[in-house]
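Spelled out, the chains give:
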Amino acid sequence: MIIAVDGPTASGKGTIATAIARHFGLPCLDTGLLYRAVGRQVELVGGDPENAEDALAGADFPDTLLADPELRSEVIGSYASRVSVHPKVRQALFDRQRSFAQQAGGAVLDGRDIGTVICPDADVKLFVTASLDARTDRRFAELKGHGRDVTREEVRDQIARRDERDMGRKDAPLKPAPDAYILETTALDKDASIAAAIEVVETKRKG
Ligand code: DC
């Protein structure tokens, strides 16, 4: 069983994908981390994420980079979003994601284009979303919890800019697949969102 979980930044798709994977005993791939590793590699060598050649060179990152805690930072999130607009970068990461999805027994993948490009054949496609304000509140609380000195406005701006870039790019823009189930979590807390997602998968599985 292949489960695709897509959605915008701070929608909770990562938390939901991890919970689904645990519930159904499947391996899980956070594909955003691959784009973050490309972004981090570009940053480390002083490259320009807007430049297609620099970005493609970053796709040759060493696997050890995937454990770098800096990958989770907002700065690298922005680098990731910028390198991900280049079709050659997306192509360079395609096989890795595809073979993860096709392993025996299935897998859960979360990202932006899993249901549309990487696994159009997924058994279940979830598109997790929430209002800009709800996503801002969640990300702001998370950053504050980590002691980060940010304002709510800064966080809202960063998320809005990321939405614009991820949805507006030409190649594999963020959008729900026509057969995706839209999971709107604005009014749901974490546990309720996870329970709703598991129910969608269970219902699909029972056919
Ligand atoms: O999910 P995330 O915030 O870790 O992703 C970081 C960036 O990577 C996101 O802004 C766009 C890009 N990305 C992508 O283009 N396609 C994916 N499948 C996953 C992430």
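Because the structure is a prediction, the values reported are computed rather than measured.

Conventions used here
- Residues numbered from 1 in each chain as written.
- Predicted model: local features only at pLDDT ≥ 70, side-chain atom pairs only at ≥ 80, totals over all residues.
- Heavy atoms only, no water.
- Helix = DSSP H or I, 4+ residues; strand = E, 2+ residues; numbered from the N terminus.
- Rg over C-alpha atoms; globule rule 2.2 N^0.38 Å.
- Buried < 20%, exposed > 50% of the residue type's maximum accessible area, 1.4 Å probe, protein only.
- Contact = heavy atoms within 4.5 Å.
- Areas by Shrake-Rupley, 256 points an atom, 1.4 Å probe, with all protein chains shown as cover.
- Lys, Arg positive; Asp, Glu negative; His and termini not counted.
- Charge placed at Lys NZ, Arg CZ, Asp CG, Glu CD.
- Core = buried A, V, L, I, M, F, W, Y, C linked by side-chain atoms within 4.5 Å.
- Near = heavy atom within 4 Å.
- Polar contact = N/O pair within 3.5 Å; in protein donor to acceptor, adjacent residues only side chain to side chain.

Visitor: What should I look at first to understand the overall build of the protein chain in this one?
Guide: If you tally the helices and strands in the protein chain, you get 9 helices and 5 strands. Taken from the N to the C terminus, the helices and strands of the protein chain come in the order β-α-β-α-α-α-α-β-α-β-α-α-β-α. The C-alpha radius of gyration computed for the protein chain amounts to 16 Å, which stays within 12% of the reference 17 Å derived for 207 residues, consistent with globular compactness. Dimensions of the protein chain along its principal axes, counting C-alpha atoms only, are 50 × 40 × 30 Å. Within the protein chain, the proportion of its 207 residues that are buried is 49%. Across the protein chain, every contact between residues at least 6 apart in sequence was considered, and the portion connecting residues at least 24 apart equals 77%. Carbon and sulfur atoms provide 51% of the accessible area of the protein chain, an area that totals close to 10,200 Å². Across the protein chain, 29 positive and 34 negative side-chain charges occur, with their mean positions spaced 2 Å apart.

Visitor: How should I be thinking about the nonpolar core in this particular structure?
Guide: Across soluble globular proteins, nonpolar side chains have a tendency to be buried as a group. Among the nonpolar cores identified, the biggest contains 27 residues, and Val38, Phe61, Val89, Leu93, Leu109, Ile114 and Cys119 are the most heavily contacted of them. Per element, the largest residue contribution to this core is 6 residues, and it comes from helix α2 (residues 31-44). In this structure leucine 109 touches Ile3, Ala4, Val5, Leu29, Thr31, Gln97, Phe100, Ala101 and Ile114, once residues within four positions along its chain are discounted. Counting 19 residues, the second-largest nonpolar core is a separate cluster that includes Ala21, Phe24, Leu183 and Ile194.

Visitor: Help me out: how do you make sense of the site of the ligand in this one?
Guide: Around the ligand, the surrounding shell holds 15 residues, and the nearest of these are Arg36, Arg90, Arg112, Asp166 and Arg169. Separating an oxygen atom of the ligand from a side-chain N or O atom of lysine 13 is a distance of 3.2 Å. One nitrogen or oxygen atom from the side chain of aspartate 113 is found 3.0 Å from a nitrogen atom belonging to the ligand. Here the ligand has 450 Å² of accessible area as a free molecule, and 96% of this is covered by the chains. Elements represented by at least two residues in the shell around the ligand include exactly α2, α4 (74-83) and α8 (152-168).

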